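Single-letter residue listing:
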Amino acid sequence: MPELPEVEHVVRALRRILPGRKILASQIKLPKLVAPLTPLRFNRQIKGARIDAVSRRGKFILIECQKPDRKGGQSAKSSTGKNKIVLAVHLRMTGKFLYLTPDDELPKHSHAIFYLDNDRRLVFRDQRQFGVIKLIDADSLPQTKGIKELAPEPFGDEFNEKYLKATLKNSRRTLKTLLLDQTKVLGLGNIYAAEALFRAGVNPFKSASQLSSRRTAALYQSIREVLSFAVDNIRGESLRAGFSYGEVFERFWQVYEREGEPCFKCGARIRRKQHGGRSTYWCPRCQRR
DNA sequence: ACCCTCACCTGCACGC
DNA sequence: TGCGTGCAGGTGAGGG
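Overview of the structure.

Calculation rules
Counting restarts for each chain: residues are numbered from 1 in the order of the written sequence. Starting at A for chains and at 1 for ligands, labels are handed out in the order in which the entities are written. For a predicted model such as this one, the threshold for reporting local features is a pLDDT of at least 70, and the threshold for listing and counting side-chain atom pairs is 80 or more; totals across whole chains, interfaces and linings nevertheless cover every residue. Derived side-chain values reflect all non-hydrogen atoms in the structure, with water molecules and hydrogen atoms excluded from consideration. Helical segments are the DSSP runs of H or I of at least four residues, strand segments are the runs of E of at least two, and each set is numbered from the N terminus. Note on classification: 1.4 Å probe, protein chains only; a residue is buried when its accessible area is under 20% of the maximum for its type, exposed when over 50%, partly exposed between these limits. In this analysis, two residues are considered to be in contact whenever any of their non-hydrogen atoms come within 4.5 Å of each other. Whenever a helix is involved, its axis is fitted only over the stretch in contact; in every case the axis is a line through C-alpha atoms, and angles between N-to-C directions fall within 0 to 180 degrees. Angles below 35 degrees are treated as roughly parallel, those above 145 as roughly antiparallel, those between 65 and 115 as roughly perpendicular, and all remaining angles as oblique. Each helix crossing is assigned a hand: it is left-handed if the near helix lies turned anticlockwise from the far helix by less than a right angle, otherwise right-handed if that turn is clockwise. Strands are labelled as partners when DSSP assigns at least two bridges between them. Proximity is defined per residue: if any heavy atom of the residue lies within 4 Å of a molecule or strand, that residue is considered near it. Whenever two N or O atoms come within 3.5 Å, that pair is a polar contact, provided that in protein one can donate a hydrogen and the other can accept it, and provided that, for residues adjacent in sequence, both atoms are side-chain atoms. Three classes are used: nonpolar for Ala, Val, Leu, Ile, Met, Phe, Trp, Tyr, Cys and Pro, charged for Asp, Glu, Lys and Arg, and polar for all others, with Gly counted as polar. Multiplying one less than the number of residues by 1.5 Å gives the expected span of a helix. Patch criteria: residues need more than 30% relative accessible area and no salt bridge. Like-charged residues are merged within 9 Å; nonpolar side chains of Val, Leu, Ile, Met, Phe, Trp and Tyr are merged within 5 Å. Per-residue and other accessible areas were derived by the Shrake-Rupley procedure at a 1.4 Å probe size, with only the shown protein chains allowed to occlude residues. For this document, the term salt bridge refers to a Lys or Arg side-chain nitrogen within 4 Å of an Asp or Glu carboxyl oxygen. Lys and Arg are tallied as positive, Asp and Glu as negative. Neither His nor the chain termini are counted. By convention, the point assigned to a charge is CZ for Arg, NZ for Lys, CD for Glu and CG for Asp.

## Considerations on the overall build of chain A
- Looking only at helices and strands, chain A features six helices and 11 strands.
- Counting across all 289 residues of chain A, residues that qualify as buried make up 51%.
- A sequence separation of at least 24 residues applies to 63% of the contacts in chain A between residues at least 6 apart.

## Observations concerning the packing of helix H5 (residues 190-200) against helix H6 (residues 213-233)
- At a minimum axis separation of 8 Å, H5 and H6 run at an interaxial angle of 130°. In terms of orientation, H5 and H6 fall into the oblique class. Between H5 and H6 the crossing geometry is right-handed. Where H5 abuts H6, its residues Tyr192, Glu195, Ala196, Leu197, Arg199 and Ala200 lie against Ala218, Leu219, Ser222, Ile223, Glu225, Val226, Leu227 and Ala230.

## A closer look at the sheet that holds strand S4 (residues 84-90)
- With antiparallel pairing, the four strands of this open sheet are ordered in space as S2-S3-S4-S8. Every other strand in the sheet has two partners, leaving strand S2 (50-57) and strand S8 (132-137) as the edge strands with one partner each. Taken pair by pair, the neighbouring strands of this sheet meet at an average axis angle of 20°, ignoring direction.
- The sheet contacts of helix H1 (residues 4-17) involve S2 and strand S3 (60-66), and relative to S2 the element is tilted by about 165°.

## A short note on the protein's contact with DNA strand B
- Close contacts around DNA strand B come from Lys32, Lys108, His109, Gln127, Arg128, Gln129, Phe130, Ser171, Arg172, Arg173 and Thr177, and that covers them all.
- Atoms of DNA strand B within 4 Å of the protein belong to the sugar or the phosphate in 71% of instances, the rest to bases.
- Take Lys32: an N or O atom from its side chain is 3.2 Å from a phosphate oxygen of DNA strand B.
- At a separation of 3.5 Å, a phosphate oxygen of DNA strand B approaches a polar side-chain atom of Ser171.
- Counted by class, the surface near DNA strand B contains one nonpolar, five polar and five charged residues.

## Some details on H6
- Taking 1.5 Å of rise per residue, 21 residues should cover 30 Å, and H6 covers 30 Å from first to last C-alpha, within 8% of that figure.
- Turning to H6, its buried residues number three or more, namely Arg215, Thr216, Ala217, Leu219, Tyr220, Ser222, Ile223, Val226, Leu227, Ala230 and Val231.
- Tucked inside the fold, the buried residues of H6 contact H1, helix H3 (161-169), helix H4 (175-180) and H5.

## Concerning unusual backbone geometry
- For the peptide bond that leads from Ala35 to Pro36, omega is 10°, which places it in the cis range.
- Following the sequence through the fold, Pro36 ends up in the loop between strand S1 (23-28) and helix H2 (39-46).
- With a phi angle near 65°, Gln129 is a residue other than glycine that sits in the positive phi range.
- Relative to the helices and strands, Gln129 is located in the loop between strand S7 (121-126) and S8.

## Brief notes about the pairing of strand S6 (residues 110-116)
- Taking burial as the measure, the seven residues of S6 include six buried ones, the bulk of the element.
- Inspection of the sheet shows S1 paired to S6 by five bridges, in the antiparallel sense. Within S6, the position partnered with Ile23 by the bridge is Leu116.

## Here's the deal with the side chain of Gln182
- Residue placement: Gln182 occurs in the loop between H4 and H5.
- Relative accessible area serves as the criterion here: at 17%, Gln182 is assigned to the buried category.
- Here the side chain of Gln182 touches Gly187 through a polar contact of 3.0 Å, landing on its backbone nitrogen.
- Within the structure, the side chain of Gln182 is placed 2.9 Å from the backbone oxygen of Leu188, a separation counted as a polar contact.

## Considering a positive patch on the surface
- A grouping of Arg214, Arg285, Arg288 and Arg289 is seen on the molecular surface, where their side chains present a positively charged patch.
- Of note, Arg214 is situated in helix H6.
- Using a relative accessible area of 67% as the deciding quantity, one classes Arg214 as exposed.

As structure tokens, then:
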């Protein structure tokens, strides 16, 4: 159930194994995973493609591929050519990648299997079936619905204090809700949104437009710090069956899942409240306003 | 344009 | 043991 830092780790892991590999065939066991394509059409498009690179946009994993030409070889065209396609994968809540050896058994909830040219299988596993795999022409990726609306990358120059101030000023929603909106602030999920607000000492239920300039600056810093700390400190889960990525097992949360426990800063009991259908955790003393 | 609620799924922990 | 309830780190459709 990854937020941006976990996705970043998945990307780094895939980057170590996938570039240069060829996808011999795909097997899609859950058709809605690749909708609106059918598994058959999906496989026709991806079959024979060579993986060039793995990158990320927000929480989307982008596996960039070069399609073979009609004779079956790789296209002679360069990477700017029309034959570039991208697998845009969103893990949502429970999506994971596995990299299986021929001896490994296919675990439950393995919905997509990519047969690679080194005898390995790249498997997409997803218990809750919320995950998505889109197959997109590289050229149209920036205009793709779901991607074009995304806010600037949180580690890029465009996401700066000025941007956050303008974004908050325009919203009458609460800070917590706004931080979860990927078209406004990119990369946070329910955990890191709570952690960033705690770190900034700001109340999650405060109206976004009413946050003072000083506190907005603090929140901006906190968002970047929480995300980069997580990127630096989480570790992937290893599995006997090859390996899997997309799971955190080192936890360093200050408020998330700590209802009733003492705040590390002031000792007050951490509170939890349902807000917009999700749990919000905060320290009633450190985050009074 | 914005914002809220619900829906999408499986599985786990909990109380009775 | 079993069954009901609530909960889970994400987002999109559909409605007001």
